[in-house]
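Structural features, examined
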Amino acid sequence: MDQEPLPSVASLQGTLFDFAIAELVRQHRQSFPPLWTAESWAKLLIWLALSCGCSGEARALEAFAAALGPALTARMRRLFFERELPDHNLRVMADPAEQQVLVLPLEPGPATGTPEAIAPERVAAALEAVGLSPLVSDDRGRWQSLEALVAVPWRNGQG
């Protein structure tokens, strides 16, 4: 009977690091108000840098950001500005660097297995649940339904 090969030490360490950083971001993303802003994201990065022994000097913070690299930074940012809402069966992606907040289903529709259009009431409930309602347009005429995804524009001055 063939046994499956064991993962390498480097592979296990990489997986552990990936898991740990994702959990760290998820657990602390609510800790840096104002939420859903670039300022909040910057505060998380500064906190991480200081927690890793960097000084608060601009040079040290820039070195920390460079050490993260673009791929890890992008993944962390996506996790920071994304919420999964199992009770609503929706995912909200609200990066203020983007022009719109995206709301999409976590799973395809039950009957067909394909994504279904999301009712505006469900979108509004999801936005309320994560505290985005005051930050996005409440004019549902400006919301774009794109198959199983709804794009909601930020209010003035955001996004």
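Residues numbered from 1 in each chain as written. Predicted model: local features only at pLDDT ≥ 70, side-chain atom pairs only at ≥ 80, totals over all residues. Heavy atoms only, no water.

**Notes on the sheet that holds strand β4 (residues 144-146)**
- Within the open sheet, the 5 strands sit side by side as β1-β2-β3-β5-β4. Their pairing is antiparallel. Both outer strands of the open sheet, β1 (82-85) and β4, are each paired with one neighbouring strand and no more. The sheet shows a mean angle of 20° between the axes of neighbouring strands, taken without regard to direction. (Pairing = 2+ DSSP bridges. Helix = DSSP H or I, 4+ residues; strand = E, 2+ residues; numbered from the N terminus. Axes fitted to C-alpha atoms, helices over the stretch in contact; angles between N-to-C directions.)

**Some thoughts on the side chain of Arg29**
- Within the secondary structure layout, Arg29 lies in the loop between α1 (9-28) and α2 (38-51).
- One buried charge, Arg29, has no salt-bridge partner; the nearest side chain with opposite charge is Glu82, at 6.5 Å.
- Of the polar contacts made by the side chain of Arg29, one reaches the backbone oxygen of Glu82; its length is 2.8 Å.
- Ignoring anything within four residues of it in the chain, the contact list for Arg29 reads Leu35, Ser40, Leu79, Phe80, Glu82 and Arg83. (Buried < 20%, exposed > 50% of the residue type's maximum accessible area, 1.4 Å probe, protein only. Lys, Arg positive; Asp, Glu negative; His and termini not counted. Salt bridge = Lys/Arg side-chain N within 4 Å of Asp/Glu carboxyl O. Polar contact = N/O pair within 3.5 Å; in protein donor to acceptor, adjacent residues only side chain to side chain. Contact = heavy atoms within 4.5 Å.)

**Regarding the pattern of salt bridges**
- Under the defined criterion, the tally for this structure stands at 9 salt bridges.
- The partner of Glu82 in a salt bridge is Arg91, with the nearest N and O atoms 3.2 Å apart. The burial state of Glu82 is the same as that of Arg91; both residues are buried.
- Taking the shortest distance from any N to any O, the salt bridge between Arg155 and Asp138 comes out at 3.6 Å. Pair noted here: Arg155 is in the segment after β5 (149-153) and Asp138 is in the loop between α4 (120-129) and β4, with a separation of 17 residues, a long-range link.
- Look at the salt bridges and you will find they share partners, linking Arg78, Glu82, Glu84 and Arg91 into a network.

**Section: the packing of α1 against α2**
- Relative orientation of the contacting elements α1 and α2 amounts to 125°, with a least axis distance of 11 Å. Taken together, α1 and α2 sit at an angle that is classed as oblique. The two elements α1 and α2 meet at a crossing, and its hand is right-handed. Between α1, through Leu24, Val25 and His28, and α2, the contact on the second element is made entirely by Leu44, Trp47 and Leu48. (Parallel < 35°, antiparallel > 145°, perpendicular 65-115°, else oblique. Left-handed = near helix turned anticlockwise from the far one by under 90°.)

**Observations regarding the pairing of β5**
- A large share of β5 lies buried, amounting to 4 of its 5 residues.
- Summarising the sheet, strand β3 (residues 100-105) and β5 pair through 4 bridges and their orientation is antiparallel. Residue pairing across strands places Val101 opposite Val152, the latter belonging to β5.
- For β4 and β5, the ladder comprises 3 bridges, and the chain directions are antiparallel. By the bridge assignment, Gln144 is partnered in β5 with Ala151.
- Between the antiparallel neighbours β4 and β5 lie 2 residues, among them Glu147 with a positive phi of about 55°.

**What about the environment of Gly56?**
- Tracing the chain through its elements places Gly56 in the loop between α2 and α3 (58-80).
- Each C-alpha atom of the pair Gly56 and Gly131 lies 30 Å from the other, and the pair is 75 residues apart in sequence.
- Contacts of Gly56, omitting those with residues within four sequence positions, involve Leu50 and Leu61.

**Here we look at the packing of α2 against α3**
- For the pair α2 and α3, interaxial distance at closest approach is 11 Å and the crossing angle is 130°. In this view, α2 runs oblique relative to α3, as classed from their interaxial angle. Relative to α3, the crossing made by α2 is right-handed. Here Ser40, Trp41, Leu44, Leu45, Ile46, Leu48 and Ala49 of α2 come into contact with α3, specifically with Leu61, Phe64, Leu68, Thr73, Met76, Arg77 and Phe80.
- Class assignment for the residues of the contact of α2 with α3 results in 11 nonpolar, 2 polar and 1 charged. (Nonpolar A, V, L, I, M, F, W, Y, C, P; charged D, E, K, R; others polar.)

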